[in-house]
Amino acid sequence: QVDLVESGGGLAQPGGSLRLSCTTYGIIFNINVVGWYRQAPGKQREMVAITNPGGGTSYDVAVKGRFTISRDNAASTVYLQMNNLKPEDTAVYYCYAQSVRIVDNMYWGQGTQVTVPS
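The rules behind these values
Residues numbered from 1 in each chain as written. Predicted model: local features only at pLDDT ≥ 70, side-chain atom pairs only at ≥ 80, totals over all residues. Heavy atoms only, no water. Pairing = 2+ DSSP bridges. Helix = DSSP H or I, 4+ residues; strand = E, 2+ residues; numbered from the N terminus. Axes fitted to C-alpha atoms, helices over the stretch in contact; angles between N-to-C directions. Buried < 20%, exposed > 50% of the residue type's maximum accessible area, 1.4 Å probe, protein only. Core = buried A, V, L, I, M, F, W, Y, C linked by side-chain atoms within 4.5 Å. Disulfide = S-S within 2.5 Å. Salt bridge = Lys/Arg side-chain N within 4 Å of Asp/Glu carboxyl O.

Any details on the sheet that holds strand E3 (residues 18–25)? Residues and values, ideally.
The strand order across the open sheet formed by four strands is E1-E3-E8-E7, and the pairing between neighbours is antiparallel. The open sheet is flanked by strand E1 (3–7) and strand E7 (67–72), the only strands paired with a single partner. Taking each pair of neighbouring strands and ignoring which way they run, the sheet shows an average axis angle of 15 degrees. Pairing of E3 with strand E8 (residues 77–82), which is carried by six bridges, proceeds in the antiparallel orientation. Bridge pairing in E8 places Cys-22 opposite Val-78.

Here's what the structure looks like:
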């Protein structure tokens, strides 16, 4: 069965850093686009960063230059290094995986809270 297990969320001061990790189970990691979405209260869930099996990456404009996504295929794990955090980064962050071969197979983690106070 499929499981995406997130860790690394928490409280950080403005300008601080956090590193999120997501270890996946039950998927063929190397054929999945993996990454991170986030959702703040009252807002739509939005893409933060994704990386495809070929190594390409995409970032939300709001985080580009501050966040870096990476993947460890041997560990079936995707990371999000978040630097220079801002209050507007406060949200629940969700790990995401989607097969490039079966597009309807989209999976989500349970979410990890990131809080950056004003």
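Help me get a handle on unusual backbone geometry, residues and values and all.
At Ser-76, a residue that is not glycine, the phi angle is positive and equals roughly 50 degrees. You can see Ser-76 is positioned in the loop between E7 and E8. Phi at Asn-84 takes a positive value of approximately 50 degrees, unusual for a residue other than glycine. Mapped onto the elements, Asn-84 comes out in the loop between E8 and strand E9 (91–99). For Asn-84, a relative accessible area of 42% translates into the label partly exposed.

Can you break down the nonpolar core residue by residue, with the values?
A general trend in soluble globular proteins is that nonpolar side chains are found buried together. Of all hydrophobic cores here, the largest spans 25 residues; its most connected members are Trp-36, Val-48, Phe-67, Leu-80, Met-82 and Tyr-93. Of all elements in the fold, only E3, strand E4 (32–39), strand E5 (46–51), E7, E8 and E9 reach the threshold of two or more residues within this core. Looking at this core, the element that brings in the most residues is E9, giving four residues.

Give a detailed account of the state of the cysteines, specifying residues and quantitative values.
Tallied over the entire structure, the rule returns one disulfide. With a sulfur-sulfur separation of 2.0 Å, Cys-22 is cross-linked through a disulfide to Cys-95. Residues Cys-22 and Cys-95 are joined by a disulfide whose S-S torsion is about -90 degrees; by sign, that bridge is left-handed. Residue Cys-22 is located in strand E3, and its partner Cys-95 is located in strand E9; the two are separated by 73 residues in the primary sequence. For the pair formed by Cys-22 and Cys-95, the shared burial category is buried.

An account of the pattern of salt bridges is needed here, citing residue identities and associated values.
A full pass over the atoms with the stated rule returns three salt bridges. Two residues, Asp-89 and Arg-38, come together in a salt bridge whose shortest N-O distance is 3.0 Å. In this pair, Asp-89 is assigned in the loop between E8 and E9 and Arg-38 in strand E4, connecting sequence segments 51 residues apart. With a shortest N-O distance of 2.8 Å, Arg-66 and Asp-89 are connected by a salt bridge. Taken together, the residues span a long stretch of sequence, with Arg-66 in the loop between strand E6 (57–59) and E7 and Asp-89 in the loop between E8 and E9 at a distance of 23 residues. What you see here is one network of salt bridges that share partners, running through Arg-38, Glu-46, Arg-66 and Asp-89.

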